[in-house]
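# Observations on chain architecture
Chain residues, written in single-letter form:
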Amino acid sequence: MLSLQRLRSSMTWQLTKMQLELGWCRDVLGRISSALHAHKYCHQLSLPGQNVRPYMYMCAYACARTVGGKFQLVPHSKRHAALASFVDSHWGWKQSGAFLHSGELNVLTRTAQEDTPKGKDMVTFIRDDNDLERFLGHITDLLSTPDFSKVRIPVEEAKTRAEELVHRLLEMKADPRNIYAFLCSKPRVLSAQQDALMQNLQFLEELRVVGNQALLVLDRNPKVWGADEAVLRDRVRRLRKLGLVEGSLQKVITNWPAILTLRKSRLNGSIDMLRKCQFSGRQITAIVISSPQVLDSQPADIELRFQYVYFTMGLQKQADMVQANLFKYSLEHIRCRHLVLERLGIYQLPSKPGGTRADNPKLCRIVDCTDARFAQKCAGISPEEYETFQRNLEDEAKRDDEGDTEEETDEGFVDYDHDDGTRHTS
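Residues numbered from 1 in each chain as written. Predicted model: local features only at pLDDT ≥ 70, side-chain atom pairs only at ≥ 80, totals over all residues. Heavy atoms only, no water.

Axes are the key here: two packed helices are described by the angle between their axes and the distance separating the axes. The contact between helix α18 (residues 331–343) and helix α20 (residues 371–379) brings their axes to 12 Å, and the two run at 25 degrees. The angle between the axes of α18 and α20 places the two elements in the roughly parallel class. Here α18 runs over α20; the crossing is right-handed. Judged by residue contacts, Arg337, Val340 and Leu341 of α18 engage Asp371, Phe374, Cys378 and Ala379 from α20. For the contact of α18 with α20, the residue count by class is five nonpolar, no polar and two charged. (Axes fitted to C-alpha atoms, helices over the stretch in contact; angles between N-to-C directions. Helix = DSSP H or I, 4+ residues; strand = E, 2+ residues; numbered from the N terminus. Parallel < 35°, antiparallel > 145°, perpendicular 65-115°, else oblique. Left-handed = near helix turned anticlockwise from the far one by under 90°. Contact = heavy atoms within 4.5 Å. Nonpolar A, V, L, I, M, F, W, Y, C, P; charged D, E, K, R; others polar.)

Here it is as structure tokens:
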């Protein structure tokens, strides 16, 4: 089986020609969409936040041939066989299944495949009424599993609700395997208020959050099942006021669905604190897009992270904090990265008396990277050494906490001399 790097390198010159001859790969994929749907690969090309270019290249290349030194699409009748042969020989996607955004539900999908009594006959694409009937049969069989004993509603009613939900999700272009995986992992969705659930799905469709994205919202935030539609609309209206437009709005909702049911007081408190830290409107918009979880943070926690970077690290440009995705990380993460550089002599306080260092690493290099990359590229140590430093820092924090606790306990301790009644305070 070829690796992705080798496959891409061997196709580079052909792909360059093909892009010039046939236009961008997205146009090619539009012309071979029926083959993609038939062989269950289209879901790989529609996931948010995923690099789809390799899949686009491979699918377009599979359905092209060289004629007189030029690339042309194979006839429509042969595209299915060409795509299946190419993909099976290099990747074996048929066995990979359909996975949701960022791999969050990979485990759920594997669980669904294991639980399916007829895993090889699992319907992965609804072409006609027969496929729909077979898929609904799989859902009916699922209702008899032990997990659905937690759903305290009559079996017939559960079957009716399941069929209605499946029909609605299929209308929203959700992948059948992901629907099955969702019902396996969240059987209690059938106990939710059906009217509210359908209204909220309709609202998500209006927002253009459909298909696997809608399933992801339902899986990550069960509160959406029975939430009042007015609450969802109010949160979306608030996000639009912050400057989120089409595209970025859907990205935030998909990445962090809890925003749809976040308490209004918590939302407003976080935004007010960001403004207090003198972030501009555009900067706040960028923060919300890159780190939507900050809206659920305590205002005091936001202020502590800002003050640590502003005063302790001496970095006083809000633009640098936005670029580094500062509010995506905890104060402990930021402090640990800063201290290891400071103790290694790599980072010095810019306003230090007697001179400043102009070669301090940028904040984005310090904060916004993996531990391994930070250790090797920024700190110049091994990942193992950085892990040891983290453990030592945690031990220091525990000893400091224990010392503070002992001091508080000792304060006001009174000792009496029982012979003369003298009072001694230590």
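And the narrative resumes.
One pass over the full model with this rule turns up six aromatic pairs. Pairing Phe279 with Phe306 gives two aromatic rings, centres 5.8 Å apart and planes at 65 degrees, and the pair type is edge-to-face. Of the two residues, Phe279 sits in the loop between α14 (264–276) and α15 (281–290) while Phe306 sits in helix α16 (residues 299–312), which places them 27 residues apart along the sequence. Of the two residues examined, Phe279 and Phe306, each falls in the buried class. (Phe/Tyr/Trp six-rings, centres within 6.5 Å; stacked < 30°, edge-to-face > 60°. Buried < 20%, exposed > 50% of the residue type's maximum accessible area, 1.4 Å probe, protein only.)

Turning to helix α8 (residues 155–171), a few remarks are in order. Given a rise of 1.5 Å per residue, 17 residues ought to cover 24 Å, and the 24 Å separating the end C-alpha atoms of α8 matches this to within 8%. Of the residues making up α8, those classed as buried are Ala158, Arg161, Ala162, Leu165, Val166, Arg168, Leu169 and Leu170. The secondary structure elements touched by the buried residues of α8 are α7 (129–142), α9 (176–185), α10 (194–206) and α11 (212–220). Among the residues trailing α8, Lys173 stands out with phi positive, at a value near 70 degrees. (Expected span 1.5 Å × (residues − 1).)

Going through the model one piece at a time under the given rule, you end up with 16 salt bridges. Its salt-bridge partner being Asp219, residue Lys186 comes within 3.2 Å of it at the nearest N-O pair. With Lys186 in the loop between α9 and α10 and Asp219 in helix α11, the pair connects residues that are 33 residues apart, well separated along the chain. One continuous salt-bridge network, built from bridges that share partners, spans Arg127, Asp131 and Arg134. (Salt bridge = Lys/Arg side-chain N within 4 Å of Asp/Glu carboxyl O.)

Time to look at the environment of Ala196. Residue position: Ala196 is located in helix α10. Exposure remark for Ala196: the relative accessible area of 10% places this residue in the buried category. A C-alpha to C-alpha distance of 5.3 Å links Ala196 and Gly226, two positions 30 residues apart in sequence. Those residues in contact with Ala196, other than ones at most four positions away along the chain, are Trp225, Gly226 and Ala227.

Of all hydrophobic cores here, the largest spans 94 residues; its most connected members are Leu183, Phe279 and Leu295. Top contributing element to this core by residue count: α8, with six residues. Leaving out residues up to four positions away in the same chain, Phe279 has contacts with Leu274, Ile284, Ile287, Phe306, Gln318, Met321, Val322 and Phe327. (Core = buried A, V, L, I, M, F, W, Y, C linked by side-chain atoms within 4.5 Å.)

Below, the discussion takes up the packing of α7 against α9. Packing of α7 against α9 leaves a shortest axis separation of 11 Å and a crossing angle of 10 degrees. Taken as axis vectors, α7 and α9 run roughly parallel relative to one another. Contacts between α7 and α9 involve Phe135, His138, Ile139 and Leu142 on the former and, on the latter, Pro176, Ile179, Tyr180, Leu183 and Cys184. In terms of residue class, the contact of α7 with α9 is built from eight nonpolar, one polar and no charged.

As a further point, take the environment of Gln213. Mapped onto the secondary structure, Gln213 falls in helix α11. With relative accessibility at 19%, the residue Gln213 sits in the buried group. Placed 41 residues apart in sequence, Gln213 and Met172 show a C-alpha to C-alpha distance of 9.8 Å.

Counted at 1.5 Å a residue, the expected span for α7 with its 14 residues is 20 Å, and the 20 Å between its end C-alpha atoms agrees. Buried residues along α7 sit in contact with α8 and α9.

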